[in-house]
Amino acid sequence: MSETRLEKYKKYRQSINEFKSISNEPESVQYREKSVVNDKMNTSSTLPLDEVLGKVDEQQEKQPKRVITRKLVMIICLSLIGVALIAGITIFAIFAFGGK
């Protein structure tokens, strides 16, 4: 912990410079050229973007429209009754306790 921030990053910059000098050697250049993926070596099983987007659009079209069920109607009615009840109690309290 006695190492200061400046010393730490000075060592870091030196190590980066060493890495750069190593990476320019012919062996490392050949390794990079071998590891580059080109069309001949690319045998991935990914799907084209157009095909994927087309499937997503088809799935969205097949979804049925939302149907209002009896349960949903009951929930909406009870919520409205609750809001009206709270508003009524609030108005009653204002008049009853002399809100001027």
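Residues numbered from 1 in each chain as written. Predicted model: local features only at pLDDT ≥ 70, side-chain atom pairs only at ≥ 80, totals over all residues. Heavy atoms only, no water.

## Digging into the overall build of the protein chain
Okay, so step 1: Within the protein chain, the regular secondary structure consists of four helices and zero strands.
Okay, so step 2: If you list the helices and strands of the protein chain from N to C, you get α-α-α-α.
Okay, so step 3: The burial tally for the protein chain puts 2% of its 100 residues in the buried class.
Okay, so step 4: Split by element, the accessible area of the protein chain, about 10,400 Å² in all, is 62% carbon and sulfur. (Helix = DSSP H or I, 4+ residues; strand = E, 2+ residues; numbered from the N terminus. Buried < 20%, exposed > 50% of the residue type's maximum accessible area, 1.4 Å probe, protein only. Areas by Shrake-Rupley, 256 points an atom, 1.4 Å probe, with all protein chains shown as cover.)

## Observations concerning the packing of aromatic side chains
Okay, so step 1: According to the stated counting rule, one finds one aromatic pair in the structure shown.
Okay, so step 2: Ring geometry for Tyr9 against Tyr12: centres 6.5 Å apart, planes inclined by 85 degrees, an arrangement best described as edge-to-face. Pair noted here: Tyr9 and Tyr12 are both in helix α1 (residues 5–23), with a separation of three residues, about one helical turn.
Okay, so step 3: A relative accessible area of 41% means that Tyr9 is categorised as partly exposed. (Phe/Tyr/Trp six-rings, centres within 6.5 Å; stacked < 30°, edge-to-face > 60°.)

## Focus: the confidence of the model for the protein chain
Okay, so step 1: Taken as a whole, the protein chain shows an average pLDDT of 76; of its residues, 61% reach a score of 70 or greater.
Okay, so step 2: Mean pLDDT values for the elements of the protein chain range from 65 in helix α3 (residues 49–62) up to 94 in helix α4 (residues 70–96). (pLDDT = per-residue confidence, 0-100.)

## Structural notes on α4
Okay, so step 1: For α4, which comprises 27 residues, the first-to-last C-alpha distance of 38 Å matches the rise-based estimate of 39 Å (1.5 Å per residue) to within 8%.
Okay, so step 2: Gly98 lies just past α4 and shows a positive phi near 70 degrees. (Expected span 1.5 Å × (residues − 1).)

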